[in-house]
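One-letter residues, chain by chain:
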Amino acid sequence: MKCMETYPRRCGQSVKIGPFDLQLFAGEKTEAPTSKRQADARKKGQVGKSQEISAAFVIFSGFLSIKIFGSAIYDEIVGYMIYIFGHLMQPLDTESIMRIFLGIMVVLAKTALPIMLVIMVTGLAINLFQVGINFTTEPLEFKLDNLNPITGFGRIFSKRALVELIKSLLKIIIIGYFIYKYIMAEVLQMPKLISADLQFSMAHMSEVIMVLAFQICGVIMVLAVCDFVYQKWQHLQELKMSKQDIKDESKQSEGDPQIKGKIRQKQREMAMQRMMQEVPKADVIITNPTHFAVALKYESGMAAPVIIAKGQDLIAQKIKEVAREANVAIVENKPLARALYAAVEIGDSVPQELYKSVAEVLAYVYRLKNKKLA
């Protein structure tokens, strides 16, 4: 109890004085973002996205494609180099230079294009996985705040910038450690390559480079997954709302409760007015007699009498008042009035189980009318 009285904020409690919750006035971002806030942020291009995971998969796909297409790329380049060196003794003219240039373009298309396509498709797929399809031009719009040096310094020395610096340093240290460890294990094998032929040496060096590259890619991917989880968490933290924000959003999306209440009141008044206009057309008003009043109307061709008005307490008194002014018969029948009020809505026909009781009332009303006419 002492903890709640003296240190309510430290104990995770919201302070209340009378009917007021002081957290509403504190503006603390403690509530999870609503779906509308997340959708609005998405429209502005503010999404939880990790550049690290995109870069990791792009690097991995690039080295993997080189590993897969490496032999074909090597054969293509060697073959064209043999062709060029085989024709060096021929005189150079415009036609031969154009032929060599076009040949270089074809070799580049055959060797570089597959790798570039793999990298491009991988980059698009990873971005699609992270944020889905989201077309927005708002981040590209010109904003004067971007030219404000104070805002710029704020971004440089912000918490996010500090986190990015720590991430970069950790990445350099971890990757540097793996490179150092691998090279130190392979450096003892390097003297053996001096006496080996060129083809074997090149094959061995390419294998060393590939193994090192895939090890680095593995480390980068682990770091990238951690960064992806952090970016998602950080994005939700930035979108958090205060209780007042949620209230304001609810007012904007659903309308001010006071205005909605006035609209509903006006609708009820209009419905009441239309109902009271129908009361003079009724054949009989069945009451209990003080709490309920139900107005029935029956015309030839109807399958059953229809309720054109009903009410309770004050509305019931108003219905009877209008009925008296219009000389509509009022009959007291407590069980029938209660049953009709509870079971039938305005505009509906009388249910079959109440046909007999209603018919007796209508017959009584019609006998009274006939007596008056006689």
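Quick note: structure is the one above.
Everything quoted here is computed from the prediction, not taken from an experiment.

A separate point is the packing of aromatic side chains. Counting across every chain of the model gives six aromatic pairs. For the ring pair F292 and Y341, a centre distance of 4.8 Å and an interplane angle of 55 degrees mean the geometry is tilted. In this pair, F292 sits in strand β4 (residues 292-297) while Y341 sits in helix α12 (residues 334-343), placing the two residues 49 residues apart along the sequence. Directly above the aromatic system of Y341 lies the positively charged group of K310, at a separation of 4.7 Å from the ring centroid.

The complete set of buried residues in α12 reads L336, A337 and L340. Buried positions in α12, seen along its axis, are confined to an arc of 100 degrees and lie on one side of it. Facing away from the buried side of α12 by more than 90 degrees, the exposed set consists of P335, A342 and A343.

Helix length check: helix α7 (residues 159-186), at 28 residues, gives a terminal C-alpha distance of 41 Å against a target of 40 Å (1.5 Å per residue), a fit within 8%. Among all positions of α7, only V163, K167, I175, Y182 and E186 are buried.

A separate point is the side chain of S61. Take S61: it is sitting in helix α4 (residues 51-86). The class of S61 is buried, set by a relative accessible area of 7%. At 2.8 Å, the side chain of S61 and the backbone oxygen of V58 are in polar contact. Excluding residues that lie within four positions of it along the chain, S61 makes contacts with V118, I119 and T122.

Remark: α4 packs on helix α5 (residues 94-131), axes separated minimally by 9 Å, with the N-to-C direction vectors making an angle of 165 degrees. For the element pair α4 / α5, the angle class is roughly antiparallel. As α4 runs across α5, the sense of the crossing is right-handed. Across the contact of α4 with α5, the residue classes tally to 18 nonpolar, 10 polar and three charged.

Conventions used here
- Residues numbered from 1 in each chain as written.
- Predicted model: local features only at pLDDT ≥ 70, side-chain atom pairs only at ≥ 80, totals over all residues.
- Heavy atoms only, no water.
- Phe/Tyr/Trp six-rings, centres within 6.5 Å; stacked < 30°, edge-to-face > 60°.
- Helix = DSSP H or I, 4+ residues; strand = E, 2+ residues; numbered from the N terminus.
- Lys NZ or Arg CZ within 6 Å of the ring centre and 35° of its normal.
- Buried < 20%, exposed > 50% of the residue type's maximum accessible area, 1.4 Å probe, protein only.
- Arc of directions from axis to C-beta.
- Expected span 1.5 Å × (residues − 1).
- Polar contact = N/O pair within 3.5 Å; in protein donor to acceptor, adjacent residues only side chain to side chain.
- Contact = heavy atoms within 4.5 Å.
- Axes fitted to C-alpha atoms, helices over the stretch in contact; angles between N-to-C directions.
- Parallel < 35°, antiparallel > 145°, perpendicular 65-115°, else oblique.
- Left-handed = near helix turned anticlockwise from the far one by under 90°.
- Nonpolar A, V, L, I, M, F, W, Y, C, P; charged D, E, K, R; others polar.

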